[in-house]
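# Structural description and commentary
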Amino acid sequence: MNTQPKLTLVGAGPGDPELITLKGVKALRNAQVILYDALVNTTLLDYAPNALKIYVGKRANKHTFTQDVIHQMIVQYAYKYGHVVRLKGGDSFVFGRGSEEINYAKLFCIKTEVIPGISSAFSVPASIGIPATERGVSEGVWVITGTTTKRDISKDIHLAAQSNSTIVILMGIKNLSNIVKAFKNEGKINLPIAIIQNGTLPQQREVIGTISNIEQQANEANIGAPAIIIIGEVVNSNVALRTVIEQQISFN
């Protein structure tokens, strides 16, 4: 048995491989084993040419391993090889089940470390000019899952629909109709909304509209998962930015 088992959770960022932290890269270079998720950019694995790399990703109805098995793999490989890096998309503690894995490893006296990642909740909207908050426009942010373990939308979406803050919804594209309905029930049919698929990647695509027309726009553009949904007046910052750019191009 290895006398120095260790688990490091590394947030890989939103997709662009240049958006991982320097500390995250250092952990990859020092890893003996890397257990990586579905939304991780696999070019990051090049930082660890000699490590054992195992895909443990989970997408909708397509689970390579159950979470319980992943827990067992962490312990097994940590004691057999030493340093295990759990590489997760975005940040490990934002809908990443990172705390569960850390707590399980601690039960077996495994040293643990968490290296935060850039969460897609904020970085993906920012990549197209949408701020999470803006003075005089939005004083707060909700970050909510769009799909619960029961495959429904979170009850918090109904609460968020009553506020004036920015709402960022992850894993919600398949429940878009129910999300839109929640905002329509609050009379917010003209509220701006954006959906960004494959954020920060070369294949990124987005649609911007209002609660009243976003379903049609998303269907026409064939927007699918993985996608981030941003709802609120801050979405207009992107529209305003594009208008200025188009005006400058026309002027020149």
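Residues numbered from 1 in each chain as written. Predicted model: local features only at pLDDT ≥ 70, side-chain atom pairs only at ≥ 80, totals over all residues. Heavy atoms only, no water.

### Remarks on the packing of aromatic side chains
In plain terms, the rule: Two aromatic rings, drawn from Phe, Tyr or Trp (for Trp, its six-membered ring), form a pair once their centres lie within 6.5 Å of each other, and the interplanar angle then sorts them: stacked below 30 degrees, edge-to-face above 60, tilted otherwise. The helix and strand labels rest on DSSP assignments: H or I over at least four residues marks a helix, E over at least two residues marks a strand, and numbering proceeds from the N terminus. Under the scheme applied here, a residue whose accessible area is under 20% of the maximum for its type counts as buried, over 50% as exposed, and between as partly exposed, the area being computed with a 1.4 Å probe on protein chains only.
All told, the structure shown has three aromatic pairs when counted by the stated rule. Ring plane angle 25° and centroid distance 5.9 Å describe the contact between Y77 and Y81, whose orientation is recorded as stacked. Taken together, the residues span about one helical turn, with Y77 and Y81 both in helix α2 (residues 67-81) at a distance of four residues. Given the relative accessible area of 15%, Y77 is considered buried. What makes Y81 partly exposed here is its relative accessible area of 32%. Between Y104 and F108, the ring centres sit 5.1 Å apart and the planes meet at 45°, which makes this aromatic pair tilted.

### Here we look at the side chain of T166
The following threshold applies: Two N or O atoms form a polar contact when they lie within 3.5 Å of each other; inside protein one atom must be a possible hydrogen donor and the other a possible acceptor, and for residues adjacent in sequence the pair counts only when both atoms belong to side chains. A contact between two residues is defined here by any heavy atoms of the two lying within 4.5 Å.
Looking at where T166 falls in the secondary structure, it is placed in strand β9 (residues 166-170). Overall, T166 belongs to the buried group, its relative accessible area being 0%. Of note is the side chain of T166, whose polar atom sits 2.7 Å from the backbone oxygen of A132. Of note is the side chain of T166, whose polar atom sits 2.8 Å from the side chain of S138. Contact partners of T166, with chain neighbours within four places excluded, come to A132, S138, G140, V141, W142, I230, I231 and V234.

### A closer look at the sheet that holds strand β1 (residues 6-11)
Pairing between the strands of a sheet is mediated by backbone hydrogen bonds and can be parallel or antiparallel. Here is the rule: Here, a strand pair is defined by DSSP locating no fewer than two bridges between the strands. Comment: axis = line fitted to C-alpha atoms, over the contacting stretch for helices; angle = value between 0 and 180 degrees taken between N-to-C directions.
Ordered by their spatial adjacency, five strands build an open sheet running β3-β2-β6-β1-β7, and the pairing between neighbours is parallel. Pairing within the sheet leaves two strands with one partner each, and these edge strands are β3 (52-55) and β7 (111-115). Taking the axes of each pair of neighbouring strands and ignoring which way they run, one obtains an average angle of 15° across the sheet. The pairing of β1 with β7 spans five bridges and is classified as parallel. In the strand pairing of β7, T8 is matched with E113. Where α2 meets the sheet, it contacts β1, β2 (33-36), β3 and β6 (83-88), and its direction lies at approximately 145° from that of β6.

What is shown is where atoms sit, not what they do.
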